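Working through the structure, step by step
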Amino acid sequence: MAEIRIQLPDGSTKTFDRPVTPGEVAASIGSGLARAALAAKVNGRVVDLDHPITEDTELEILTSKSPEALEVLRHSCTHLMAQAVKRLHPEAMLEDGPPTEEGFWYDIRTDPPLTPEDFPAIEKEMRSIAKEALPIERQELSREEAYRIFKERGEKYKLDLIERIPEDDTISTYRQGEFIDLCRGPHVPHTGVFKAFKLLSVAGAYWKGDAENEQLCRIKGTAFPTKQELDAYLQMLEEAKRRDHRRVGRELELFMHHEWAPGEIFWLPKGHLMYRQLSRMMSDLCRQEGYDEVFTPLLFKADLFKVSGHWEHYREDMFLFDDKDENQFALKPMNCPSHMLIFREKKRSYRELPMRIHDQGVLHRNEASGTLSGLTRVRQFCQDDAHIFLAQEQIEDEITALIGLVKRVYDLFDMQFSKVCLSTRPESYLGEKESWDQAEKALSNAIEKNQLDCTINEGDGAFYGPKIDFIVRDCLGREWQTATIQLDYQLPARFELKFINRNNEEEMPVVVHRAIFGSFERFFAILIEHYGGNFPVWLAPEQVRVLTISEKHEGYAQEVYEQLQSNGIRAEKDFSAEKIGAKIREGRMKRVPYLLVVGEKEASSRTLSVRSQQKGDLGSMPLGSFLEWINREKSAVF
RNA sequence: GCUGAUGUAGCUCAGUCGGUAGAGCAGCGCAUUCGUAAUGCGCAGGUCGCCGGUUCGAAUCCGGCCAUCAGCUCCA
């Protein structure tokens, strides 16, 4: 028999005179490695440790330190959990359980549904299975055999999964003790490797992601190679909760909700001030970028939406009602139709293009009650919305500039996109295939020019045009769409828009829908979590707080306070009878960027002791120097 | 909208077996005048989400509704 040469990552080679498994290779290198091994990478593919190697290969033994092994560990942990659930609830039916970025989940049908109260028992059973150190064995089998096994076990969801496996794919199962699961693997070698896992939540999930189907229990959990890593992760989750915009919003009195206005926001003085700052910043920016700002009606006769297509495609999400004369009215869910009317109001020339209209108007969408959440999903909101009317050949330059603008704005807040997606022509689309191709090309060229790392969502565009979406994460890792750039051939056609081109002919413009923040509400939420409430000075509702050591210094402190006020600084004062430690604590908890301590020393030398929220005690300085300092920070954006 | 959970003072949360409501913080008052994350004492504060039912009696048990939370479907 020919020798098998196995090349290891350090460049060394091992030869064997018979087929081997990665586990055996690991053992031949050292018993420590064999113990630490969770999986292996053979010619770049992650496989089980008992995967047979019959020819020359490149091999890497994966231990808990590699990200691929972590994924395998978590995937295997779904089986551990499923086995535990089956032991405790033999009637449970399993669907699917993949690893995720932060852990794993498994969709399971039980009757009654599982609740968090079941977690301790399941975790206990999981620990006991881990203790049993059951070997995990792969078996490849025929479709019929697989079908028979899961039919016998009453696993109807597994049968459906088998039917959905493509013809020529290998079907495999993994067995550990009495438990068997349909799975392509790979998996860890035995259940003894699980040292640190935790079940986190349970929620409903529609079977096959279809709202028409029954719901299964999605149990989410996470697993790590060591207890320390698990604890660190759980602590990180706790800290993320402290940054949650709903919590910070309440603590800092930025906004509130009331059960009589579900999905709507009461902006309290401090939050409203910040909202206005953001709004003003965006208005200024848009003006600089050649946009004209407008404000348009909130309430329209249904006729408008019949023309725009919203009546047909969006009515379910709109607030509708009749006036006294029984005309049907709707609150606008988007600004685009009004902007079409503005464009159409008079004859337009090619000289006006690109014509850019910015609108921060109030929008209402009747979102399903279960989707509402804090500031991220609301029923009334404003966007930094704009529509750009342009000629087909202007698309690429305009989009290139737009992407640049989006990047500039997010840089300003030190924010990064977790994803940028280009969504292309869907199966059912409107307009000419040629103009779609051209538009998609223009978008991808613009993306390239801006060196954006972009995922292509084939066929995921809107029916009216392709689009680029910008996604950011909140503190809990959930993804939200914020900025968006969408091309539209549909609305110009429906509203019969035209302009007179260079050749004195009528030509239809293309419309670009774009938003940079997306909605102010959602962007606000993400900003809060991004900064953890520690806003930059230009945005902070209270920029400075003057604290007195004792009431003897109130005279001077008042003078300082008035000077700050007259210099346009948003200052507050705390002249209460508390000790300075308590006042500092209070000011820190309210995230005031600068606390100015005024006592005997400061009063006699006419200075201030400055304490920065970010940098701590900065020592004392004259008021003039502080004003200079804070004004520089304040103008960081404007 | 769907599944599950939750709803007690402004906030965070106790409240056992069904017997009529409790803490800390915040607030208010008084004392303290203090040097960089909590001074002390006192007072006040509740239609136990709402409606109905069971019961001699309901925060507690049952039903309906509302809201919130975790997800799902959908979306900025």
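Placed above this text is the structure.
Quick summary incoming for the structure in this document. On a predicted model such as this, the values are computed, not experimentally measured, just so you know.

Another point: the overall build of chain A. Secondary structure assignment for chain A yields 20 helices and 33 strands. Each principal axis of the C-alpha atoms in chain A carries an extent, and together these give about 90 × 80 × 55 Å. The contacts of chain A with a sequence gap of at least 6 include a subset with a gap of at least 24, amounting to 67%. Summed over its atoms, the accessible surface of chain A is roughly 31500 Å², and 47% of this surface lies on carbon and sulfur atoms. Distance between charge centroids for chain A: 5 Å, based on 85 positive and 106 negative side chains.

What follows deals with the sheet that holds strand 7 (residues 104-109). Reading across from one edge, 6-7-12-11 is the order of the four strands in this open sheet, with antiparallel pairing throughout. The open sheet has two free edges, formed respectively by strand 6 (93-94) and strand 11 (196-206), since each of these has just one partner strand. Here strand 7 runs beside strand 12 (residues 215-224); their pairing, made up of five bridges, is antiparallel. Bridge pairing in strand 12 places Asp107 opposite Arg218. Packed on one face of the sheet, helix 3 (residues 67-88) meets strand 6, strand 7, strand 11 and strand 12 and runs near 130° to strand 12.

Another point: the environment of Asp169. Along the chain, Asp169 falls in the loop between helix 6 (156-164) and strand 9 (171-176). Taking the relative accessible area as the measure of exposure, Asp169 reaches 40% and is therefore partly exposed. When the C-alpha atoms of Asp169 and Ser12 are compared, they prove to be 34 Å apart, with 157 residues separating the residues in sequence.

Close contacts around RNA strand B come from 54 residues, with Gln215, Ser369, Arg377, Arg585 and Glu602 the closest. Sugar plus phosphate: this is where 48% of the atoms of RNA strand B within 4 Å of the protein reside. A distance of 2.8 Å separates a base oxygen of RNA strand B from a polar atom in the backbone of Glu600. The contact in question runs from a base nitrogen of RNA strand B to an N or O atom on the side chain of Glu602, over 2.5 Å. Every element with two or more residues in the surface near RNA strand B is listed here: strand 11, strand 12, helix 8 (245-251), strand 21 (380-390), strand 25 (479-488), helix 18 (580-589), helix 19 (600-605) and strand 32 (607-612). Ranked by residue count, the leading element in the surface near RNA strand B is helix 18, at six residues. Residue classes in the surface near RNA strand B are distributed as 16 nonpolar, 18 polar and 20 charged.

Burial runs high along strand 19 (residues 355-359): five of the five residues are buried. Burial along strand 19 is two-sided: Met355, Ile357 and Asp359 facing one way and Arg356 and His358 facing the other are all buried. Judged from the three bridges that link them, strand 15 (residues 292-294) and strand 19 form a sheet pairing that is parallel. Directly across from Val294, in strand 19, lies its bridge partner Asp359. As defined by bridge partners, strand 19 adjoins strand 21 across five bridges and the pair is classed as antiparallel. Directly across from Ile357, in strand 21, lies its bridge partner His387.

Another point: the packing of aromatic side chains. What the rule picks out here adds up to 18 aromatic pairs. The interplanar angle of 40° and the centroid separation of 5.3 Å between the aromatic rings of Phe224 and Tyr233 together place this pair among those described as tilted. The burial state of Phe224 is the same as that of Tyr233; both residues are buried. Three or more aromatic residues link up through ring pairs in this structure, and these residues are Phe255, Trp267, Tyr275, Tyr410, Phe413, Phe417, Phe470, Phe517, Phe520, Phe523, Phe524 and Trp538. A cation over a ring is seen here: Lys208 above Trp207, with NZ or CZ 4.7 Å from the ring centre. A cation sits over an aromatic face here: Arg356 above Tyr291, 6.0 Å from the ring centre.

Counting residues in each nonpolar core, the largest one holds 65 residues, and the members touching the most others are Ile399, Tyr410, Phe413 and Ile468. For Tyr410, the contacting residues outside a window of four places in its chain are Met415, Phe417, Val472, Thr482, Ala483, Ile516, Phe517 and Phe523. Within the second largest apolar cluster, 37 residues are counted, among which are Val85, Ile108, Ile136 and Leu199.

Reading guide: rules and limits
- Residues numbered from 1 in each chain as written.
- Chains lettered and ligands numbered in written order.
- Predicted model: local features only at pLDDT ≥ 70, side-chain atom pairs only at ≥ 80, totals over all residues.
- Heavy atoms only, no water.
- Helix = DSSP H or I, 4+ residues; strand = E, 2+ residues; numbered from the N terminus.
- Contact = heavy atoms within 4.5 Å.
- Areas by Shrake-Rupley, 256 points an atom, 1.4 Å probe, with all protein chains shown as cover.
- Lys, Arg positive; Asp, Glu negative; His and termini not counted.
- Charge placed at Lys NZ, Arg CZ, Asp CG, Glu CD.
- Pairing = 2+ DSSP bridges.
- Axes fitted to C-alpha atoms, helices over the stretch in contact; angles between N-to-C directions.
- Buried < 20%, exposed > 50% of the residue type's maximum accessible area, 1.4 Å probe, protein only.
- Near = heavy atom within 4 Å.
- Polar contact = N/O pair within 3.5 Å; in protein donor to acceptor, adjacent residues only side chain to side chain.
- Nonpolar A, V, L, I, M, F, W, Y, C, P; charged D, E, K, R; others polar.
- Phe/Tyr/Trp six-rings, centres within 6.5 Å; stacked < 30°, edge-to-face > 60°.
- Lys NZ or Arg CZ within 6 Å of the ring centre and 35° of its normal.
- Core = buried A, V, L, I, M, F, W, Y, C linked by side-chain atoms within 4.5 Å.

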